[in-house]
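Structure at a glance
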Amino acid sequence: MGQGTDAEYGLVDLEEAETPGDEWEEIDVSDTEADRIARKRDREFEQFEERITDADQFKVEQSVFDDATFAALYKLVQDGYVEAFGGPLSTGKEANVYHALGDEREVAVKIYRINASNFRHMRDYLEGDPRFEGLGGKKKDVVLAWTKKEYANLMRAEKAGVRVPEPIATERNVLVMEYIGNEDGRAKRLGEVHIENPQTAYEVMREYMRRLYAAGLIHGDLSEYNVVFHEGQLVVIDLGQAVTVHHPNSRDFLERDCENVANFFSRQGLETDADELLEFVTDPEPDPSRD
């Protein structure tokens, strides 16, 4: 990671960014077209499910993909968002991410498990979010809401001038987004690279945090593990858990983000302070979480 200016670290020009307020769209977690396709189970869908099930990169995941998940993939293929699947980019308790070919470009396909072992952890971030008032306790509803939440958060962050993977499409528990990487593989996380200019990187990070906050959004799990370095840019990833500033735990999440970021750059040789970072993120704009 070489010397660079703010532009080289991917600081988006605010004049070109649409910075929204703290209004939030309603997110529908009712049955989708994928659920209807799964119920119909026509021959074409069954053939598609059989091909995916037999593919080497999916064999280990057969037990966690229900019919509607296969139908969601089928719908995304039919709609032209995905043309061919590659191997896994990452695997986790909540989701797997696969490399794929989209409409003349590479994409990442994130598939959340309906039977996610951490779905109670998901609820902690969903409860208190005005977009999910009245959300029931079913695992399916929680995971579907989480997927739509990540898509909405990526859209909100992108409009606020923060470099994130471009959200492309979502269907049920599947999210298609920009692939951040090259022919050598996925982009390296910030903690995996040598930072030759940590001061510039820190300035970009704290500006991104302030822009998220001004847009009414707090990442909630920001650290060197959720930021990647790609083609001279810092890219913030994994926004599924991001909450609005009106979430009852938003202040705690923001303070934790500040501590994580400040501590990481302190280890890079900078004089950083979590409280000063918090002040920068929340000022000079009025603090919306105190309304």
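This structure is a prediction, so every number in the text was calculated from the model and none was measured.

Rules used throughout
Residues numbered from 1 in each chain as written. Predicted model: local features only at pLDDT ≥ 70, side-chain atom pairs only at ≥ 80, totals over all residues. Heavy atoms only, no water. Phe/Tyr/Trp six-rings, centres within 6.5 Å; stacked < 30°, edge-to-face > 60°. Helix = DSSP H or I, 4+ residues; strand = E, 2+ residues; numbered from the N terminus. Buried < 20%, exposed > 50% of the residue type's maximum accessible area, 1.4 Å probe, protein only. Salt bridge = Lys/Arg side-chain N within 4 Å of Asp/Glu carboxyl O. Contact = heavy atoms within 4.5 Å. pLDDT = per-residue confidence, 0-100. Patch = residues over 30% accessible without salt bridge, like charges linked within 9 Å, V, L, I, M, F, W, Y side chains within 5 Å. Areas by Shrake-Rupley, 256 points an atom, 1.4 Å probe, with all protein chains shown as cover. Lys, Arg positive; Asp, Glu negative; His and termini not counted. Charge placed at Lys NZ, Arg CZ, Asp CG, Glu CD. Axes fitted to C-alpha atoms, helices over the stretch in contact; angles between N-to-C directions. Parallel < 35°, antiparallel > 145°, perpendicular 65-115°, else oblique. Left-handed = near helix turned anticlockwise from the far one by under 90°. Nonpolar A, V, L, I, M, F, W, Y, C, P; charged D, E, K, R; others polar. Pairing = 2+ DSSP bridges.

Turning our eyes to something else, we now look at the packing of aromatic side chains. Applying the stated criterion across every chain yields a total of four aromatic pairs. Taking 6.1 Å as the distance between ring centres and 85° as the angle between the ring planes, the aromatic pair formed by Tyr125 and Trp146 counts as edge-to-face. One end of the pair, Tyr125, is in helix 4 (residues 119–126); the other, Trp146, is in helix 5 (residues 139–159), and 21 residues separate them in sequence. Judged by relative accessible area, which is 6%, Tyr125 ranks as buried.

Before going further, it helps to examine unusual backbone geometry. Phi at Glu104 takes a positive value of approximately 65°, unusual for a residue other than glycine. Its place among the elements puts Glu104 in the loop between strand 2 (95–101) and strand 3 (106–112). Not every positive phi belongs to a glycine, and Arg172 is a case in point at roughly 55°. Relative to the assigned elements, Arg172 resides in the loop between strand 4 (167–171) and strand 5 (174–178).

All right, on to the pattern of salt bridges then. Overall, the coordinates contain 10 salt bridges when judged by the stated rule. Residue Asp79 pairs with Lys75 through a salt bridge whose shortest N-O separation is 2.6 Å. Exposure remark for Asp79: the relative accessible area of 40% places this residue in the partly exposed category. Note on Lys75: relative accessible area 18%, which makes it buried. Linked by salt bridges that have partners in common, Lys110, Glu150 and Asp238 make up one network.

Time to look at the side chain of Arg172. Taking the relative accessible area as the measure of exposure, Arg172 reaches 3% and is therefore buried. The residues touching Arg172, leaving out its near neighbours within four places in the chain, are Thr32, Ala34, Asp35, Asp66, Ala68, Thr69, Ala72, Ile114, Lys140, Leu144 and Thr147.

The next point concerns the confidence of the model for the protein chain. Looking at the protein chain as a whole, the pLDDT averages 83, with 82% of positions reaching at least 70. Taken as a whole, residues 2–6 scores under 50 in pLDDT and shows 13 contacts with residues more than four places along the chain or in a different chain.

Residues Glu259, Asp273, Asp275, Glu276, Glu279 and Asp283 make up a contiguous surface patch of negative charge. The element that contributes the greatest number of residues to the negative patch is helix 8 (residues 274–282), accounting for three residues.

Attention shifts here to the packing of helix 6 (residues 198–214) against helix 8. Look at helix 6 against helix 8: their axes get within 8 Å of each other, and the N-to-C directions meet at 50°. With respect to helix 8, the element helix 6 is oriented oblique. Of the two elements, helix 6 crosses helix 8, and the hand of that crossing is right-handed. Of the residues in helix 8, those in contact with Tyr202, Arg206, Glu207, Met209, Arg210 and Tyr213 of helix 6 are Leu277, Phe280, Val281 and Thr282. Looking at side-chain class alone, the contact of helix 6 with helix 8 contains six nonpolar, one polar and three charged residues.

Turning our attention to the sheet that holds strand 8 (residues 188–189). Across the sheet, three strands lie side by side as 8-10-11; this open sheet has antiparallel pairing. For this open sheet the edge positions go to strand 8 and strand 11 (233–236), each flanked by a neighbour on one side alone. Bridge count between strand 8 and strand 10 (residues 227–230): two bridges; the pairing is antiparallel. Bridge assignment links Lys188 to a residue of strand 10, and that residue is Phe229. Set on the sheet, helix 6 makes contact with strand 10 and strand 11; between it and strand 11 the angle comes to about 35°.

Turning our attention to the sheet that holds strand 5. Strand pairing in a sheet is mediated by backbone hydrogen bonds. Such pairs are either parallel or antiparallel. Strand order in the open sheet made by the five strands is 1-2-3-5-4, with antiparallel pairing throughout. Whereas interior strands pair on both sides, the edge strands pair on one side only; in this sheet they are strand 1 (84–91) and strand 4. Ignoring strand direction, the axes of neighbouring strands in this sheet form an average angle of 25°. Here strand 3 runs beside strand 5; their pairing, made up of five bridges, is antiparallel. Bridging across to strand 5, Val109 finds its partner in Val176. Each of strand 1, strand 3, strand 4 and strand 5 touches helix 3 (residues 67–78); the most contacted strand, strand 5, lies at about 40° to it. Its contacts with the sheet place helix 5 against strand 3, strand 4 and strand 5, and it is angled at close to 165° to strand 4.

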